[in-house]
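Working through the structure, step by step
The chain contents come next:
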Amino acid sequence: MSKILVSYTSMTGHNESIAQHLEEYLKGKGQDVTLEQLVDSDAYDLPEYDAIIIVSYTYHDGDLPDEALDFYEDLKDVDLDRTKFAVAGSSSKGHVHYGRAVDYFTMQLNSSNGDQAADSVKINQEPDEDDFKRVDQLADYVIDSLK
């Protein structure tokens, strides 16, 4: 059984729903899952996990959410030592910087020596059945990367 952190930030509830879905799905696959809000996560603890999945919305003009800034800045000082990771997030295609926070987290986790287990998943607004299938696929890739 692998130890997986699902850490999220949510304004509208869409990303919380994605994170909760991931928790349920991963537990159903026999994984040891910790679900917490990003503001409560400590980037320095990430190497203790076998894998991490970040779920974040994109704020305003392509910005990271305020509650994710400390975590993101701390990531720059963390060596993930090849910890597996994946990133997902809900945003609005109506914004010019659609899902930019997902891109920022993906780049920073790679820069912090993480090992990307799945392509990032961007979801337009509220997730639907097809979006949750893509999230399940992301989770499956993470699990497979840990074998």
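In what follows, the structure referred to is the one given above.
This write-up is about the structure you can find in this document. (Residues numbered from 1 in each chain as written. Predicted model: local features only at pLDDT ≥ 70, side-chain atom pairs only at ≥ 80, totals over all residues. Heavy atoms only, no water.)

As a further point, take the packing of helix 1 (residues 14–28) against helix 4 (residues 129–145). It is at 10 Å that the axes of helix 1 and helix 4 come closest, and there the two elements cross at 50°. Classified by the interaxial angle, the pair formed by helix 1 and helix 4 is oblique. Between helix 1 and helix 4 lies a crossing of right-handed hand. Residues Ser-17, Ile-18, His-21, Leu-22, Tyr-25 and Leu-26 of helix 1 pack against Phe-132, Val-135, Asp-136, Leu-138, Ala-139, Asp-140 and Ile-143 of helix 4. By residue class, the composition of the contact of helix 1 with helix 4 is nine nonpolar, two polar and two charged. (Axes fitted to C-alpha atoms, helices over the stretch in contact; angles between N-to-C directions. Helix = DSSP H or I, 4+ residues; strand = E, 2+ residues; numbered from the N terminus. Parallel < 35°, antiparallel > 145°, perpendicular 65-115°, else oblique. Left-handed = near helix turned anticlockwise from the far one by under 90°. Contact = heavy atoms within 4.5 Å. Nonpolar A, V, L, I, M, F, W, Y, C, P; charged D, E, K, R; others polar.)

We now examine the layout of surface pockets. Picture a little ball the size of a water molecule; that probe, rolled over the atoms, points out where space is still empty. Looking at the largest pocket, its volume works out to about 200 Å³. Around the largest pocket, the lining is made up of 13 residues, and of these Thr-12, Tyr-57, Thr-58, Ser-90 and Ser-91 lie nearest the centre. Of all elements in the fold, only helix 1 and strand 4 (84–91) reach the threshold of two or more residues within the lining of the largest pocket. Considering only residue class, the lining of the largest pocket consists of three nonpolar, ten polar and no charged. (1 Å grid on protein atoms, 1.4 Å probe; cavity = no way out; pocket = protein on both sides within 12 Å on 5 of 7 lines; lining within 4 Å. Points joined across faces, edges and corners; volume = space filled by probe spheres on them.)

Before going further, it helps to examine the environment of Leu-38. By the element assignment, Leu-38 lies in the loop between strand 2 (32–37) and strand 3 (51–55). Residue Leu-38 is classed as buried on the basis of its relative accessible area, which comes to 0%. Spatially, the C-alpha atom of Leu-38 lies 9.5 Å from that of Leu-69, the residues being 31 residues apart in sequence. Once residues lying within four places of it in the same chain are set aside, the contact partners of Leu-38 are Ser-7, Tyr-8, Thr-9, Ile-54, Glu-67, Ala-68, Phe-71 and Phe-105. (Buried < 20%, exposed > 50% of the residue type's maximum accessible area, 1.4 Å probe, protein only.)

You can see Arg-100 is positioned in helix 3 (residues 100–111). Among the residues examined, Arg-100 registers a relative accessible area of 27% and is labelled partly exposed. Expressed as a C-alpha distance, the spacing of Arg-100 and Tyr-57, which sit 43 residues apart in the sequence, is 8.5 Å. Once residues within four sequence positions are removed from consideration, Arg-100 is found in contact with Thr-58 and Gly-62. A polar contact is formed between the side chain of Arg-100 and the side chain of His-97, at a distance of 2.8 Å. (Polar contact = N/O pair within 3.5 Å; in protein donor to acceptor, adjacent residues only side chain to side chain.)

In short, geometric facts, not functional conclusions.
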